[in-house]
Amino acid sequence: MRIGELAEATGATPRALRHYEQAGLIASRRAANGYRVYDAGTAVRVRNIRYLLDAGLTLDDVRVFLPCLDGDLTAGPVSVKGVRVARDRLAVLDARIAAQTAIRDRLAAALREAGV
C-alpha cells in the first residue's frame, strides 16, 4: 500500500509515517515511480506505535517494543524492558504534572493576594 493508503488505514498523517520510517520503526520499499510502498502488515505496526505514543511514550521509548509491534501488544508476555520504560516515562509525566501544579498554585495565590 502507498503512504496515503497507510495513513488513511491508521489515522496517521503521511508526515508522521515518514517520521516513523526515519526513526527506524517502519520500513518501506520504493516502487518504480519512487513512491513508498508498505506491506499490509505495517498498518498493525503503525496502530501500535500510535497507541504507545498516545500513552505518553516517545519514539525512543517505542523502540523497546519493536519485537512486539507487529501483533497484539496486550496479548504477549510482559517485557521487563518495556515495563521499565513505561515506569520511567510515568515518573517523567508525574514530575511535569507536579511542576505545572506548583506553577498553577503560585499563580492562583498571586491572584488571590491581588484581590482579583
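Keep in mind the model is a prediction, meaning the values are calculated, not measured.

Comments concerning the packing of helix α1 (residues 3-10) against helix α2 (residues 14-22)
Between α1 and α2, whose axes approach to 9 Å, the crossing angle comes to 105 degrees. When the interaxial angle is binned, α1 and α2 end up roughly perpendicular. The residues of α2 that touch α1, namely those facing I3, L6 and A7, are P14, L17 and R18. Tallied by class, residues from the contact of α1 with α2 come to 5 nonpolar, no polar and 1 charged.

As for the layout of surface pockets
When its volume is computed, the largest pocket comes out at roughly 440 Å³. Surrounding the largest pocket, 19 residues form its lining, L52, F65, G82, V83 and A86 being those nearest its centre. Contributions of two or more residues to the lining of the largest pocket are made by α3 (42-54) and α5 (80-114). For the lining of the largest pocket, the element with the highest residue contribution is α5, accounting for 6 residues. The class makeup of the residues in the lining of the largest pocket is 13 nonpolar, 4 polar and 2 charged.

What counts and how
- Residues numbered from 1 in each chain as written.
- Predicted model: local features only at pLDDT ≥ 70, side-chain atom pairs only at ≥ 80, totals over all residues.
- Heavy atoms only, no water.
- Axes fitted to C-alpha atoms, helices over the stretch in contact; angles between N-to-C directions.
- Helix = DSSP H or I, 4+ residues; strand = E, 2+ residues; numbered from the N terminus.
- Parallel < 35°, antiparallel > 145°, perpendicular 65-115°, else oblique.
- Contact = heavy atoms within 4.5 Å.
- Nonpolar A, V, L, I, M, F, W, Y, C, P; charged D, E, K, R; others polar.
- 1 Å grid on protein atoms, 1.4 Å probe; cavity = no way out; pocket = protein on both sides within 12 Å on 5 of 7 lines; lining within 4 Å.
- Points joined across faces, edges and corners; volume = space filled by probe spheres on them.

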